[in-house]
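Given next are the chains, with one letter for each unit.
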Amino acid sequence: MSDETIFSKIIDGEIPCEEVFSDEYCLAFKDIQPQAPVHILIIPRKKIQSLNEIKEEDKFLLGHLVYVASIIAKEENLEDWRTVINTGSKAGQTVFHLHIHVLGGRSMKWPPG
Ligand code: 5GP
């Protein structure tokens, strides 16, 4: 599977996005098809297809991505919010560049479908 995805094009600036956070490790931007009033995606700049491809060397990067999720939730004034990482197509992953969904601004049900 090619590691070139729509998200690598967003990182390279070839496709625009509504950026909400950026640093040397990651980029966060609004989802193009929001599923909640707040729906932000956090992606590592490093090309990692999914959690199935994570190596031990990536564990600090993963922690950083979750930390950034907490920063974004604060900036969005969210107290109740959800993070989602879909891994594999049967779990709902459609873009094969690792990403964390940050969803908030409405009530949510459990379990997810
Ligand atoms: P997944 O289904 O892989 O967990 O999530 C992929 C997410 O990326 C979806 O929520 C989808 O709406 C979003 N998405 C797909 N293409 C684009 C795009 O070009 N720009 C933005 N901002 N979001 C996108």
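Conventions we followed
Residues numbered from 1 in each chain as written. Predicted model: local features only at pLDDT ≥ 70, side-chain atom pairs only at ≥ 80, totals over all residues. Heavy atoms only, no water. Core = buried A, V, L, I, M, F, W, Y, C linked by side-chain atoms within 4.5 Å. Buried < 20%, exposed > 50% of the residue type's maximum accessible area, 1.4 Å probe, protein only. Helix = DSSP H or I, 4+ residues; strand = E, 2+ residues; numbered from the N terminus. Contact = heavy atoms within 4.5 Å. Pairing = 2+ DSSP bridges. Axes fitted to C-alpha atoms, helices over the stretch in contact; angles between N-to-C directions.

Novice: I'd love a proper account of the nonpolar core, names of residues and values included.
Specialist: Ile42, Leu65 and Ile72 are the most contacted members of the largest nonpolar core, which has 17 residues in total. The set of elements that each furnish at least two residues to this core consists of β2 (26-30), β3 (38-44), α2 (59-75) and β5 (100-104). Of the residues forming this core, the biggest block, 6 residues, is contributed by α2. With sequence-adjacent residues up to four places away left out, leucine 65 is seen in contact with Cys26, Ile42, Ile43, Pro44, Leu98 and Ile100. Ile11, Phe29, Leu41 and Ile43 belong to the second-largest nonpolar core, a separate cluster that totals 8 residues.

Novice: Mind laying out the sheet that holds β5, listing which residues take part and the relevant values?
Specialist: Strand order in this open sheet of 5 strands is β1-β2-β3-β5-β4, and the pairing throughout is antiparallel. For this open sheet the edge positions go to β1 (19-22) and β4 (81-84), each flanked by a neighbour on one side alone. This sheet shows a mean twist of 20° between the axes of neighbouring strands, independent of strand direction. With 5 bridges joining them, β3 and β5 adopt antiparallel strand pairing. Pairing of histidine 39 across the sheet is with leucine 103, part of β5.

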